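An overview of the molecular structure
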Amino acid sequence: MINNFPLTVKRSIELLGLIALVTVMVVAKDIIMPMLMAFFISIMLLPVYRFLKKKKVPETLSIVLPILLVALFVALVVWFFSNQIGMLVKDFPQIKANVTQHINSLSDWVSRITHYNDKQQRAFIQDKSDDLMNMGTSIAGGAAVTLSGVFVFIGLLPIYIYLMLFYKDILLRFIFMWFQTDDHPKVKDAIYETESIIKSYLIGLLIQITYMTVLLGGILMLIGIKHALLIGVIFAILNLIPYVGALIGNLIGVLLTLTSSQELWPVITVLGVIAFVQFLDNNILMPRIVGSKVKINALFAILGVFIGGSIAGVSGMFLALPIVAVLKIIFDRTNSFKQWGVLLGDERPAKSPMTFPTFRKKKPVETRSGTDKN
């Protein structure tokens, strides 16, 4: 029916559908985000669930045991961060002295290159400190609501994961019933590929966090940088956010180093080690683990991160790339939306569509990687 509509009407319907989807996610993000997170974790736990089922373990226990493994992993991460933060709190007097020294050095440098004297700088810092205090007070007013939201989010996750694994056959039947029988082979292939990509992507990210923590934290610890493991873990986790996370991780690494040292050489060392580890990660390690599985171009990876962050905060930024990858799988197998799959993908046409008409069509064409410069 929709194929008989004029082209402008079809494209308008697509855009309206996109706007409606984003609107629903913004309005119902507190409901949708835990379900999406549970969906991705459920996919990752499927191999463990299937293994236990093959060993004749009761279905309920086959679901509960993987969830307990995830809970244990999260508990270990929370314990690690609480332990590291405890060490930071013990070092607070020294951190305060180091920060004061760095501020004084910065003040002397500013006085030398500008007309602002120490008194004017202190007045400026005092004004900004008051602004930060006022902002902190307003944020603290909503801290209870935010904290309760986090507990609700975490509390719902195991329930959603259990129910998704328990009722997965109902969900699969629901998906198949949306399509005509002739399209069921394509739907089946899309489901298998979606499962494969999500598992490879999430397991790859866990491997990435592990080796980046070991490499970065280990090298910094051997050099003698204080809070080396904390810097390594924070950078490894933030690096999961495409493009943006690495920048934030660098800034946090610099700040942690400045607060624990009175000299600048450790900062340069930390930045150099981070750059070295990132080079290994981007060019040698990560392409062999995740890069070959998720073919999303850099433009829409960045856009996805910012859109996900504006919709659902940090959780939206972490989930942006796997969501875009799933959408690309669906678009690539739907003739009506194949152009959207091309737009999200990293496969550039081998020749310009302006010159060669065959590259303007929806049929498969010769492509090259988006990272190639020629």
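Rules and cut-offs
- Residues numbered from 1 in each chain as written.
- Predicted model: local features only at pLDDT ≥ 70, side-chain atom pairs only at ≥ 80, totals over all residues.
- Heavy atoms only, no water.
- pLDDT = per-residue confidence, 0-100.
- Helix = DSSP H or I, 4+ residues; strand = E, 2+ residues; numbered from the N terminus.
- Contact = heavy atoms within 4.5 Å.
- Polar contact = N/O pair within 3.5 Å; in protein donor to acceptor, adjacent residues only side chain to side chain.
- Salt bridge = Lys/Arg side-chain N within 4 Å of Asp/Glu carboxyl O.
- Buried < 20%, exposed > 50% of the residue type's maximum accessible area, 1.4 Å probe, protein only.
- Axes fitted to C-alpha atoms, helices over the stretch in contact; angles between N-to-C directions.
- Parallel < 35°, antiparallel > 145°, perpendicular 65-115°, else oblique.
- Left-handed = near helix turned anticlockwise from the far one by under 90°.
- Nonpolar A, V, L, I, M, F, W, Y, C, P; charged D, E, K, R; others polar.

A residue-level look at the protein finds 73% of positions with pLDDT of 70 or above and a mean pLDDT of 76. When the elements of the protein are averaged for pLDDT, helix α5 (residues 118-141) gives the smallest value, 56, and helix α7 (residues 168-177) the largest, 90. The low-confidence segment residues 139-146, where pLDDT is below 50, has 0 contacts with residues more than four positions distant or belonging to other chains.

So, on to the side chain of E195. With respect to the helices, strands and loops of the structure, E195 is situated in helix α8 (residues 184-223). At 2.7 Å, the side chain of E195 and the side chain of R50 are in polar contact. When sequence neighbours within four positions are dropped, the list of residues in contact with E195 reads I43, L46 and R50.

This brings us to the pattern of salt bridges. Tallied over the entire structure, the rule returns 3 salt bridges. Notably, a salt bridge pairs D169 with K168, separated by 3.4 Å at the nearest N-O pair. Classification of D169 as exposed rests on a relative accessible area of 53%. Given the relative accessible area of 23%, K168 is considered partly exposed. Note that K199 and E195 form a salt bridge whose closest N and O atoms lie 3.2 Å from each other. Of the two residues, K199 and E195 are both situated in helix α8; the distance of 4 residues between them amounts to about one turn of the helix. It is possible to trace a salt-bridge network through shared partners that takes in R50, E195 and K199.

It is worth spelling out the packing of helix α9 (residues 228-238) against helix α10 (residues 244-259) at this point. Close contact between α9 and α10 brings their axes to 8 Å; oriented N to C, the two are set at 165°. One element, α9, and the other, α10, form an angle in the roughly antiparallel class. As α9 runs across α10, the sense of the crossing is right-handed. Only G245, A246, I248, G249, N250, I252, G253, L256 and T257 of α10 make contact with α9, whose side of the interface consists of L230, I231, I234, F235 and L238. For the contact of α9 with α10, the residue count by class is 9 nonpolar, 5 polar and no charged.

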